[in-house]
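A look at the structure
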Amino acid sequence: MAFYSQDPNLGELLAANLAELTEQTSADLSELSVTWLVYSSSPLDLAASISEADFWQMPQAGASHLGRQLRYPASVVKLFYAAAVESWLARDLLLEGAELRRAFGAMLRDSSNDATSLVVDLLTGTSSGSELPADPFNSWARQRQLINQWFEGLAWPEWEGCNVCQKTWTDGPYGREQQFYGSNKENRNRLNTDVTARLLHGVIAGAWQSPLASARIRAALSRSLDKSERLSDPENQVDGFFGEGLAEGSCLWSKAGWMSKARHDAAYCEVPDCAPFLLVAFSEGSSWAADNQFLPALARRLSECLKR
């Protein structure tokens, strides 16, 4: 069952704002996906008052534009790897430790590819290295699919066609990692904004594994909107993304993704005098990737639509 229902009024607001933001540009809306959830009250208050099973039965209003379109998620996939870490820990499939937590935090907070590499290795019992002969490679590849198997087992309809089995790279995969990618990148990571919104929705409300597990993920997703702090960190995941468009005094939890042909963000936002909202956008193509104004403008406009 889908976790949110399409609200006609929100759908009209989203469509109108997307049209207005792109009418003076050559932007192609077919290269953009957006999922937008709006809350009557903060889901952060739910963690101690509702069970996980009951939470997923609660009605949730939202709207989307191509929300089920599969796209390369860039570093947004790290949110899924963090969720898997907490799932593995809950089932005693992974040992808690300082180095795991250091990598967990760096993966989400700083978007470290090196940290992500370790996390994927720990989750799947694999490691990068030279190319492998057919039989050892097939065994290695089966292990690397463990994260996908876990998410498939959740039976979320939004998961259909998704793929989260690849590390993230600065230069690109080599050796057995390139083997696993495929000659035409056919095994590249794939996600959509709906499934990303569903996972973040659960994390924010404390419904991913447990309130404590969700809180650990949220802590690593929390972003400072202080301008002096942002100036000291040019890769702050705020400037050029949703956070830049939020009003002073706002609170933000987010995970961005950016590379030469993608600019994404997945965020939960609490803005003064505004209904809380969750917003996920994936944009593909070099022109979208270079546009550091669209995502802030979208967050600003949609928050203004929700003024109380």
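Residues numbered from 1 in each chain as written. Predicted model: local features only at pLDDT ≥ 70, side-chain atom pairs only at ≥ 80, totals over all residues. Heavy atoms only, no water.

A word on helix α13 (residues 294-305)
Between its first and last C-alpha, α13 extends 17 Å over twelve residues, near the 16 Å set by a 1.5 Å rise per residue. Of the positions making up α13, those classed as buried are Phe294, Leu295, Pro296, Ala297, Leu298, Ala299, Leu302 and Ser303. (Helix = DSSP H or I, 4+ residues; strand = E, 2+ residues; numbered from the N terminus. Expected span 1.5 Å × (residues − 1). Buried < 20%, exposed > 50% of the residue type's maximum accessible area, 1.4 Å probe, protein only.)

Remarks on the layout of surface pockets
Estimates place the volume of the largest pocket at around 750 Å³. In this structure, the largest pocket is lined by 33 residues; those nearest its centre are Ser75, Asn113, Trp169, Trp258 and Met259. Where the lining of the largest pocket is concerned, the elements lending two or more residues are α8 (176-181) and β5 (251-259). Partitioned by chemical class, the residues of the lining of the largest pocket number ten nonpolar, 14 polar and nine charged. (1 Å grid on protein atoms, 1.4 Å probe; cavity = no way out; pocket = protein on both sides within 12 Å on 5 of 7 lines; lining within 4 Å. Points joined across faces, edges and corners; volume = space filled by probe spheres on them. Nonpolar A, V, L, I, M, F, W, Y, C, P; charged D, E, K, R; others polar.)

Description of the pairing of strand β2 (residues 32-38)
Counting buried residues in β2 gives seven out of seven residues, a clear majority hidden from the surface. Covered by surrounding structure in β2 are Leu32, Val34, Trp36 and Val38 together with Ser33, Thr35 and Leu37, the residues of both alternating faces. Examined bridge by bridge, β2 and strand β7 (residues 277-284) share seven bridges and lie antiparallel to one another. Paired with Leu32 across the bridge in β7 is Ser283. Note that β2 and strand β3 (residues 61-65) share five bridges and pair antiparallel. (Pairing = 2+ DSSP bridges.)

Some details on helix α5 (residues 113-124)
Since the α-helix advances by 3.6 residues per turn, residues separated by three or four positions end up pointing in the same direction. Here α5 is twelve residues long and its end C-alpha atoms lie 16 Å apart, about the 16 Å a rise of 1.5 Å per residue gives. Within α5, nine of the twelve residues are buried, leaving the element largely enclosed by the surrounding structure. Turning to α5, its buried residues are Asn113, Ala115, Thr116, Ser117, Val119, Val120, Asp121, Leu123 and Thr124. The inward-facing, buried residues of α5 contact α3 (77-90), α4 (98-109), α6 (134-144) and α7 (146-153). Between a side-chain oxygen at the N-terminus of α5 and the backbone nitrogen of Asp114 the separation is 3.3 Å; the capping residue is Ser112. (Contact = heavy atoms within 4.5 Å. Polar contact = N/O pair within 3.5 Å; in protein donor to acceptor, adjacent residues only side chain to side chain.)

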